Amino acid sequence: MLTPHATSEYGTLRHVAMRYASDVTPNLDGPGVHPVLTRQKTTSSWKPYDPATVRTQQDILIDLLRGRGTEVTLLDTAPGCPVQHYPRDIAFVIDHVLVMARLNATHRRPEADALAPLLTGAPHVAHLDEGTIEGGDVALHTDTVLVGLGEETSPKGVGALQRALAHHGVDREVRPVRFAVDGIVHLDDHFTIVAPDTALIHREVFPLAELRFFEQHFALVDVTDAEARAVQANVLAIAPDTVIVTAGSDRIAGQLAARGLAVLAVDYSEVTRIPGSLRCTTLPLTRA
């Protein structure tokens, strides 16, 4: 039986769910493109990907995680879902509660069905009653849950999450994080907590009030516009002193190493042709 547990973004990763890329690729151009995608293309790069290459790069990450003692559960295929290799968005764990997301994109909703076998007998599973919220917008910080209000997550979703956590006995404030621009895919493409009190940040997309909050609570490592567009802020902490970055993130890797973190690099160049990377392709179920 799965017993979800995570109190931070950097606790030692014990169990993670992943899913291989689909052979179906998203429609990125033409008259049928959704307005949300049109806006997101102003802040992120979207290019067709080769599914086989994505799966090969995922295998490299899976081998790395398993080699370091992390249990990796591969979720079943979600037919017809072109971005199913980003399971971070379909659910997230806060303390002892596994929260099922409310996805904004209707075509992604079948992705969550693959979690059903894992949830059998799980003691605390929360289903939200309104709004939208996706795991890429959610970050745990001390007694707070930060939730980005980009294109995929709504204020009603934030309120629903606060109520659900209270119902399950979680005493945390759910704090919305606002952006200064439209077209933000998810918070974790622009802000990621990598270690105790340390975070990567792409300052240009946040208003002054949010920057002040971040500066008060974190030692910040700046991410440039070019690095953010290459999804280099979307890293994966696997222990309080260890973080995985994408190959080519040399400047960011150097900044993290200078702060005493062990930095591991993997080639995720094909995965990031759509604006998601290491954090997006992993759904932590248990962190020590």
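Our subject is the structure listed above.
What counts, and at which threshold
Residues numbered from 1 in each chain as written. Predicted model: local features only at pLDDT ≥ 70, side-chain atom pairs only at ≥ 80, totals over all residues. Heavy atoms only, no water. Pairing = 2+ DSSP bridges. Helix = DSSP H or I, 4+ residues; strand = E, 2+ residues; numbered from the N terminus. Axes fitted to C-alpha atoms, helices over the stretch in contact; angles between N-to-C directions. Contact = heavy atoms within 4.5 Å. Buried < 20%, exposed > 50% of the residue type's maximum accessible area, 1.4 Å probe, protein only. Right-handed = clockwise from strand over helix to strand, strands pointing away. 1 Å grid on protein atoms, 1.4 Å probe; cavity = no way out; pocket = protein on both sides within 12 Å on 5 of 7 lines; lining within 4 Å. Points joined across faces, edges and corners; volume = space filled by probe spheres on them. Nonpolar A, V, L, I, M, F, W, Y, C, P; charged D, E, K, R; others polar. Expected span 1.5 Å × (residues − 1). Salt bridge = Lys/Arg side-chain N within 4 Å of Asp/Glu carboxyl O.

Novice: Explain the sheet that holds strand E8 (residues 173-177) to me, please; I cannot follow it from the model alone.
Specialist: Across a sheet, strands are paired by hydrogen bonds formed along the backbone, either parallel or antiparallel in direction. Across the sheet, which stays open at both edges, the three strands sit in the order E6-E7-E8 with mixed pairing between neighbours. Unpaired on one side and paired on the other, strand E6 (138-141) and E8 mark the two borders of the sheet. Pairs of neighbouring strands in the sheet enclose a mean axial angle of 25 degrees, with direction left out of account. Pairing geometry for strand E7 (residues 144-148) and E8, over five bridges, is parallel. What sits directly across from glycine 148, in E8, is valine 177. Set on the sheet, helix H4 (residues 155-167) makes contact with E7 and E8; between it and E8 the angle comes to about 165 degrees. Contacting E6, E7 and E8, helix H5 (residues 208-217) crosses the sheet at an angle of about 130 degrees to E8.

Novice: Please explain the pairing of strand E10 (residues 198-201) as it appears in this structure.
Specialist: Looking along a regular strand, one sees side chains alternate from face to face of the sheet. Of the two faces of E10, both are covered, the one formed by Thr198 and Leu200 as well as the one formed by Ala199 and Ile201. In terms of strand pairing, strand E9 (residues 191-195) meets E10 through four bridges, oriented antiparallel. Residue pairing for E10: phenylalanine 191 is matched across the bridge by isoleucine 201. Linking E9 to E10, which pair antiparallel, is a turn of two residues; within it aspartate 197 sits at a positive phi near 65 degrees. Handedness of the β-α-β unit built from E10, H5 and strand E11 (residues 219-222) comes out right-handed.

Novice: Hey, could you run me through the environment of threonine 43 in this one?
Specialist: Mapping threonine 43 onto the fold places it in the loop between helix H1 (35-40) and helix H2 (51-67). Look at threonine 43 and you get buried, because its relative accessible area is 14%. The spacing of threonine 43 and aspartate 182 is 139 residues in sequence and 8.1 Å in space, taken between C-alpha atoms. Those residues within four positions of threonine 43 in sequence are excluded, and the remaining contacts are Val181, Asp182, Gly183, Ile184 and Arg229.

Novice: Looking at this structure, how should I read the side chain of glutamate 227?
Specialist: Structurally, the position occupied by glutamate 227 is in helix H6 (residues 225-229). In this view, glutamate 227 contacts Asp222, Gln232, Ala233, Arg251 and Ile252; residues no more than four positions away in its chain are not counted.

Novice: I'm lost on the layout of surface pockets in this one. Help?
Specialist: Empty space among the atoms becomes visible once a probe the size of a water molecule is rolled across them. There is about 160 Å³ of room inside the second largest pocket. What lines the second largest pocket is simply Ile90, Met100, Ala101, Arg102, Leu103, Arg109, Ala112, Asp113, Gly131 and Thr132. Per-class residue counts for the lining of the second largest pocket are five nonpolar, two polar and three charged.

Novice: Is there a simple way to think about H2 in this case?
Specialist: An α-helical segment advances 3.6 residues per turn. Residues three or four places apart therefore align on the same side. Given a rise of 1.5 Å per residue, 17 residues ought to cover 24 Å, and the 24 Å separating the end C-alpha atoms of H2 matches this to within 8%. Looking at the buried residues of H2, the elements they touch are strand E1 (13-18), strand E2 (71-74), strand E12 (236-239) and strand E13 (242-246).

Novice: Would you take a moment to explain the pairing of E1 for this structure?
Specialist: Counting buried positions along E1 gives five out of six residues, so the element sits mostly inside the fold. The pairing of E1 with strand E15 (residues 283-287) spans four bridges and is classified as antiparallel. By the bridge assignment for E15, leucine 13 is matched with arginine 287.

Novice: Looking at this structure, I do not really get the sheet that holds E11. What am I missing?
Specialist: Spatially, E9-E10-E11 is the arrangement adopted by the three strands of the open sheet, whose pairing is mixed. A single partner strand is all that each edge strand has here, and the edge strands are E9 and E11. For this sheet, the mean angle separating the axes of adjacent strands, direction not counted, is 30 degrees. Contacting E9, E10 and E11, helix H7 (residues 250-258) crosses the sheet at an angle of about 160 degrees to E11.

Novice: How should the pattern of salt bridges be read in this particular structure?
Specialist: One side chain can pair with another of opposite charge once the charged atoms of both are near each other. Applying the stated rule across the entire model yields 13 salt bridges. A salt bridge links arginine 108 to glutamate 111, with the nearest nitrogen and oxygen atoms 2.9 Å apart. Glutamate 111 matches arginine 108 in its accessibility class, with the two residues each being buried. Residues arginine 279 and aspartate 188 are paired through a salt bridge, measuring 2.8 Å at the closest nitrogen-oxygen approach.

Novice: It is not clear to me how empty space enclosed by the protein should be interpreted in this structure. Could you clarify?
Specialist: As enumerated under the stated definition, the model contains four cavities of 30 Å³ or more in all. One number sums up the size of the largest cavity: a volume of about 120 Å³. Along the walls of the largest cavity sit 13 residues, with Glu9, Arg88, Phe92, Val93 and Pro284 positioned nearest its centre. Taken together, the elements giving at least two residues each to the lining of the largest cavity come down to strand E3 (91-94), E6 and E15. Element by element, the count of residues in the lining of the largest cavity is highest for E15, at three residues. Lining the second largest cavity are Glu9, Gly136, Asp137, Val138, Ala139, Leu187, Asp188, Phe191, Thr192, Ile193 and Arg279. Looking at which element gives the most residues to the lining of the second largest cavity, the answer is E9, with three residues.

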